[in-house]
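Coordinates in review
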Amino acid sequence: MPNAGLKTIIALSFVLAIGFLLVILSCALWKVYYPLIVVATYVIAPLPNWICSRCANPDDFVESSGGAIIDLGRFCTGFLVVMGIALPVVLAHSDLIRVEAMIMSIAGGLLIYGTIISFGMFFQEDQEF
Amino acid sequence: MEEDRLWKFRRPEWLNSAWTRNAGVYASGALFSIAFYVMLDSAVWSKSSRNGSDTHVTFVDWLPLIFSSLGMLIINSVEKTRLSGDSFSYSGNGVAWKARVVLFLGFAALAGGMAGGVTVFVLKFVVRDVAMPALGMGIENIIANALVGLSSVVLWVSQNMEDEYSYNLSL
């Protein structure tokens, strides 16, 4: 990883703000507040991975049950990431939100999730040895 | 390892990397998510203003997906290494036999879910001559069950990769 300095933090926070702006705008423009669920989805998406990676040691080949918990965490993360995209599509297909709101909330949600992931990647260095 | 190979074609090297395995697990979760939301889409659409017909998604439509998911849970809960224990010393008190019975139940639930999806599609939508926008609910039911099956296949394959990977590493 390149050295993550002040510029990275500023850029990431800008991207996060743009993502939140897009999601909130997609709700407020049409006064339908369903797309806010997308934010909650992407915020909790990395959580299963983090929790399960604490529960087991992936380098432990003697204990064979260690990999299963990590796989469960990855499965849940994959589920939640696709949920953030699928939920606006479901809402738009049933005419609960507009198609424009769907596009804006998907784009905003992906920006938020990308910020969380890249933040985790940039500042993971402290834990490694 | 080379002598007891069964197939003519060797599997490519990139299949054994840890990266492919992780991507497979993520992809399996993504496929399961798509399956669930395709089914949820048909349920939400059935109650929305776009559904002009009087055909609605009820609990019966959800049953095949529940059975498919149960089958997937059972299949992927079985420890894979117990399955290949041919010798008596490894499989002990018939653990391989038990694993095969449980696995059979899992595959039966998965196939039963798929067949149930087709049954709901035929009995509820095709026989009653439901027109196209409402017919989509039945098609989505079949797609959801097929995606659960695909998801469990991907998870199964990527979990089998793990054994090869750890084997290569320990040598």
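Parameters and conventions
Residues numbered from 1 in each chain as written. Chains lettered and ligands numbered in written order. Predicted model: local features only at pLDDT ≥ 70, side-chain atom pairs only at ≥ 80, totals over all residues. Heavy atoms only, no water. Helix = DSSP H or I, 4+ residues; strand = E, 2+ residues; numbered from the N terminus. Buried < 20%, exposed > 50% of the residue type's maximum accessible area, 1.4 Å probe, protein only. Contact = heavy atoms within 4.5 Å. Areas by Shrake-Rupley, 256 points an atom, 1.4 Å probe, with all protein chains shown as cover. Phe/Tyr/Trp six-rings, centres within 6.5 Å; stacked < 30°, edge-to-face > 60°. UniProt positions renumbered as here; feature names shortened; annotations may be inferred. Buried area = accessible area lost by both parts, 1.4 Å probe. Salt bridge = Lys/Arg side-chain N within 4 Å of Asp/Glu carboxyl O. Polar contact = N/O pair within 3.5 Å; in protein donor to acceptor, adjacent residues only side chain to side chain. pLDDT = per-residue confidence, 0-100. Axes fitted to C-alpha atoms, helices over the stretch in contact; angles between N-to-C directions. Parallel < 35°, antiparallel > 145°, perpendicular 65-115°, else oblique. Left-handed = near helix turned anticlockwise from the far one by under 90°. Nonpolar A, V, L, I, M, F, W, Y, C, P; charged D, E, K, R; others polar.

Considerations on the overall build of chain A
Looking only at helices and strands, chain A has 5 helices and 0 strands in total. Taking all 129 residues of chain A together, 40% fall into the buried category. Sequence-distant contacts in chain A: of pairs separated by 6 or more residues, those separated by 24 or more amount to 75%. Counting only carbon and sulfur atoms, one obtains 72% of the accessible surface of chain A, whose full area is about 7,600 Å².

Section: the packing of aromatic side chains
Within the structure shown, the criterion is met by 8 aromatic pairs over all chains. On the numbers, 6.4 Å between centres and 45° between planes, the contact of Phe79(A) with Tyr37(B) is tilted. With one member in each of two chains, Phe79(A) in helix α4 (residues 66-93) and Tyr37(B) in helix α1 (residues 18-47) form a pair that bridges those chains. Seen from their ring centres, Phe36(B) and Trp62(B) are 6.2 Å apart, and the 55° between their planes marks the pair as tilted. You can see Phe36(B) sitting in helix α1 and its partner Trp62(B) sitting in helix α2 (residues 59-77), a full 26 residues away along the chain. These aromatic residues form a ring-pair network of at least three members: Phe75(A), Phe79(A), Phe32(B), Phe36(B), Tyr37(B) and Trp62(B).

Considering the UniProt feature "transmembrane region" (unreviewed entry) in chain A
Sequence positions flagged by UniProt for "transmembrane region" (unreviewed entry) are, in local numbering, residues 6-25, 32-52, 72-91 and 103-123 of chain A. This span, residues 72-91 of chain A, is 100% helix and 0% strand, and a straight line between its end C-alpha atoms measures 28 Å.

Quick look at the interface of chain B and chain A
The interface is formed by 28 residues belonging to chain B together with 20 residues belonging to chain A. Where chain B abuts chain A, roughly 2,000 Å² becomes buried across the two surfaces, and 64% of that area is made up of carbon and sulfur atoms. Considering only the side of chain B, the residues that lose the most area to chain A are Tyr26(B), Tyr37(B) and Arg50(B), jointly responsible for 29% of the buried surface there. Our count for the contact surface shared by chain B and chain A stands at 1 salt bridge. Residue Arg21(B) pairs with Asp71(A) through a salt bridge whose shortest N-O separation is 2.9 Å. On inspection of chain B and its partner chain A, the count reaches 7 residue pairs in polar contact (both at pLDDT 80 or more). Secondary structure elements with two or more residues in the side of chain B that touches chain A: α1 and α5 (132-170) of chain B. It is α1(B) that contributes the most residues to the side of chain B that touches chain A, 15 residues altogether.

Observations concerning the side chain of Thr77(A)
Relative to the elements of secondary structure, Thr77(A) occurs in helix α4. Take Thr77(A): its relative accessible area is 3%, and that puts it in the buried class. Those residues in contact with Thr77(A) that lie beyond four places of it in its chain are Ala45(A), Pro48(A), Asn49(A), Tyr113(A) and Tyr26(B).

Quick look at the confidence of the model for chain A
Predicted coordinates in regions of low pLDDT should not be interpreted in detail. On average, residues of chain A score 81 in pLDDT, and 83% of them are at 70 or above. When mean pLDDT is taken per element in chain A, helix α1 (residues 6-28) of chain A scores highest with 88 and helix α3 (residues 47-55) of chain A scores lowest with 81.

Here's the deal with the packing of α1(B) against α2(B)
Residues and elements named next belong to chain B. Their axes nearest at 10 Å, the elements α1 and α2 cross at an angle of 165°. Our classification of the angle between α1 and α2 gives roughly antiparallel. Of the two elements, α1 crosses α2, and the hand of that crossing is left-handed. In this structure, α1 contributes Ser-28, Phe-32, Phe-36, Met-39, Leu-40 and Ala-43 to the contact, and α2 contributes Asp-61, Trp-62, Leu-65, Ser-69 and Met-72. By residue class, the composition of the contact of α1 with α2 is 8 nonpolar, 2 polar and 1 charged.

Digging into the pattern of salt bridges
All names here are of chain A. Under the criterion given, the structure shown has 4 salt bridges over all chains. For Asp-71, the salt bridge is made with Arg-74, and the minimal N-O distance between the two is 3.6 Å. Residue Asp-71 and its partner Arg-74 are located together in helix α4, separated by 3 residues, close to a single helical turn. Of the two residues, Asp-71 and Arg-74, neither departs from the other in class, the shared state being buried.

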